[in-house]
Amino acid sequence: EFDFTAEAAKINEFRELFETHGLSDRVAVPVVIEDLSTSEVLVMERVRGVKLLSVLNRARRRGRRPLVPAAAAKVHVDGGIGWDGVFDTMFKCWSVMLLRHGHYHSDPHPGNFIVAKDGRLAILDWGQTQVAPEAYRLHLCRLVVSMVAEDYPKIAEEVRLHSQVQLERPTTEALAALCYAYFDTRPTPLAEVNMMDLNNSPFLQNRITQNTQEGFFTIRSVFLLRGMMATCGVTSSMVEAWEEDARAVLRASGDRTVPSVIRSRSRRMLTRTWLSLQKSLNVGAGARLNTLEAYTAGSMDDANVGAGRAREDPRRMSSLW
C-alpha cells in the first residue's frame, strides 16, 4: 500500500481473473482510472451501494439478523437463498484466487465489501494480498478433498506430512479437529473456542507446539468470513464450496490418487454413521467428541453468564465433524 501502482495492477489482475472464471456477473472490482493514478494516489470509479459492515452493524444494534438487499438476493440466488447465496459467491472468489490462481486477497473483513446497487458483491482494498506457492496450494487442495469426505485419517496424514502445524500428541482426532476449526466455516465446537485463550483452550492437555506461518493469512481469512456468517445466520461449509476447484487443480497437477466423488461421498456417509454410533455409546472417538462438546458448551455458558446474557442452549452445539 506504499506504491499504489502495485495495487492498481493487482486490481486489474483480479478483475480479469474473476471474468475468466465467470464470476463478473456476481462480483465487482473497482475500475482504476489510470490517467489520474500515480504511485501516491489511486483513483477509482465509485461503487454505489451499501458497505457490508454497515449492514452488519445496523443488525447488531437492533438485535436481529440483517436482511439481504433484494438485488443481491436475486444476483446470488444460484448459490443459495438470501445470505447463503452471497457467502457462496465469497467462497467461490477465494477458491479461485487461492487454489487456482495462487494469489489472493488476505483481508476479507466486512469493511472491504460493498453490496452494490446492482446486487453484485464489490471487493475493495487490494493492497493486502498474499501469494500461495504451488506446494502450499496443492496441500490445501488435498486437505479440502479429504475434509469434504470427512476422511479423518487422511486429513491427519496430510497435516503430518505437509503442514507446519505440530501438536504434542498429533492424534488423528486432534489434527482433524484443528483443521475443521482453522480451515472451514461450518460451526464446530472448536470454532466456538478462542484458540488463543491459553487458559481455557481444550489444547491445554495437547499443546500446539508449532503453528503455521504460511497458513496464517488463510486461517485469518476463514475466521473473518466465519464471523460475518455468524451475524447473518449462515452455517455453510467453505471446503464443500471449494471441492470442485480443488479437484480441478489436483487433476491438472497430475495427481491420480484423488478419490472419485462417489467414493468420497460413500466415505463420508460411513464415517458419519460410525461416529454417531460411537457417540451414542460414548466410546472411542465418539466419547472424545462428547467430552469436547461438553467442555465447549460449558465454556460458552460461563462466558455468557459472566456477560449477563442468557445461557446458550447446549443442543445448539453442532457436531465437530
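Quick caveat: nothing in here was measured; it's all calculated off a predicted structure. (Residues numbered from 1 in each chain as written. Predicted model: local features only at pLDDT ≥ 70, side-chain atom pairs only at ≥ 80, totals over all residues. Heavy atoms only, no water.)

Caption draft 1: The arrangement of the packing of helix α4 (residues 83–101) against helix α9 (residues 238–252) in detail. Between α4 and α9, the least distance of the axes is 9 Å, while the angle of their chain directions is 35°. Of the two elements, α4 crosses α9, and the hand of that crossing is right-handed. Facing Asp88, Phe91, Trp94, Ser95, Val96, Leu98, Leu99 and Arg100 of α4, the residues of α9 in contact are Met238, Ala241, Trp242, Glu244, Asp245, Ala246, Ala248 and Val249. Of the residues belonging to the contact of α4 with α9, the class tally is eleven nonpolar, one polar and four charged. (Axes fitted to C-alpha atoms, helices over the stretch in contact; angles between N-to-C directions. Helix = DSSP H or I, 4+ residues; strand = E, 2+ residues; numbered from the N terminus. Left-handed = near helix turned anticlockwise from the far one by under 90°. Contact = heavy atoms within 4.5 Å. Nonpolar A, V, L, I, M, F, W, Y, C, P; charged D, E, K, R; others polar.)

Caption draft 2: Examining the sheet that holds strand β2 (residues 49–51) more closely. Taken together, the four strands give an open sheet; going across it, the order is β1-β5-β4-β2, and neighbouring strands pair in mixed fashion. Single-partner strands in this sheet number two, and they are β1 (27–28) and β2. Examined bridge by bridge, β1 and strand β5 (residues 121–123) share two bridges and lie parallel to one another. Of the residues in β5, the one forming a bridge with Ala28 is Ala122. In the packing of helix α2 (residues 52–62) onto the sheet, contacts are made with β2 and β4 (113–116), and the angle to β2 comes to roughly 65°. Across the sheet, α4 lies against β1, β4 and β5, angled at about 40° from β5, the strand it touches most. (Pairing = 2+ DSSP bridges.)

Caption draft 3: Structural detail: the pairing of β4. The alternating pattern of β4 places Phe113 and Val115 on one face and Ile114 and Ala116 on the opposite face, and all of these are buried. Looking at chain direction, β2 and β4 are connected through three bridges and run antiparallel. The residue bridging Val50 from the neighbouring strand is Val115, located in β4. Sheet analysis places β4 next to β5, joined by three bridges and oriented antiparallel. Among the inter-strand pairings, Ile114 is bridged to a residue of β5, identified as Ala122. Linking β4 back to β5 in an antiparallel pair, the connection comprises four residues, with Gly119 at a positive phi of about 95°. (Buried < 20%, exposed > 50% of the residue type's maximum accessible area, 1.4 Å probe, protein only.)

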